[in-house]
Amino acid sequence: QVQLVESGGGLVQPGGSLRLSCAASGRTFGISAMGWYRQAPGKQRTLVASITSTGSTNFAESVKGRFTISRDNAKNTVYLQMNSLEPEDTAVYYCNAQKWRLGYEYWGQGTQVTVSS
């Protein structure tokens, strides 16, 4: 099993910044990719950004140029730096880890991000 613990959510004004962190523990060997998804009330959970173990990244169109994702493989931690936040970014953000060879997927409990004045 892999456990994912998120931190860094909160309330921020439009135009502000937040950094989310997600630390993986347990059977972390073989994690192929880690990333962040978000789910707003009444909407489906969607990909925000992901990064593979080799550093390849993928972003939702709505966050390109505003969010960056990075990964510390030694610490099994992934970071999401969110800049120029907009009210539309308000959602619960979930950390995700995948083991492609085994077809396994893991989720964190989620952290609330609220962008409001």
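Owing to the predicted nature of the structure, the values given are computational and were not obtained by experimental measurement.

About the thresholds
- Residues numbered from 1 in each chain as written.
- Predicted model: local features only at pLDDT ≥ 70, side-chain atom pairs only at ≥ 80, totals over all residues.
- Heavy atoms only, no water.
- Disulfide = S-S within 2.5 Å.
- Helix = DSSP H or I, 4+ residues; strand = E, 2+ residues; numbered from the N terminus.
- Buried < 20%, exposed > 50% of the residue type's maximum accessible area, 1.4 Å probe, protein only.
- Pairing = 2+ DSSP bridges.
- Axes fitted to C-alpha atoms, helices over the stretch in contact; angles between N-to-C directions.
- Polar contact = N/O pair within 3.5 Å; in protein donor to acceptor, adjacent residues only side chain to side chain.
- Contact = heavy atoms within 4.5 Å.

A.B. asks: Got a sec to walk through the state of the cysteines? Specific residues and values, please.
C.D. replies: Inspection of every chain in the model, using the stated rule, returns 1 disulfide. Across a sulfur-sulfur distance of 2.0 Å, C22 and C95 are joined as a disulfide pair. Around the S-S axis, the bridge from C22 to C95 shows a dihedral of about -85° and counts as left-handed. Of this pair, C22 sits in strand 3 (residues 18-26) while C95 sits in strand 9 (residues 91-99); the two residues are 73 residues apart in sequence, bridging distant segments of the chain. Of the two residues examined, C22 and C95, each falls in the buried class.

A.B. asks: Run through the sheet that holds strand 7 (residues 67-72), naming residues and quoting values.
C.D. replies: With respect to topology, 4 strands assemble into an open sheet ordered 1-3-8-7, the strand pairing being antiparallel. Sheet topology places strand 1 (2-7) and strand 7 at the edges, where each strand pairs with a single neighbour. Going from strand to strand, the sheet's axes swing by 15° on average, the running direction of each strand aside.

A.B. asks: Which residues make up the side chain of T77, and what are the values?
C.D. replies: Residue position: T77 is located in strand 8 (residues 77-82). Judged by relative accessible area, which is 8%, T77 ranks as buried. Here the side chain of T77 touches K75 through a polar contact of 2.9 Å, landing on its backbone oxygen. Residues within four places of T77 in sequence aside, it is in contact with C22, A23, S70, R71 and D72.

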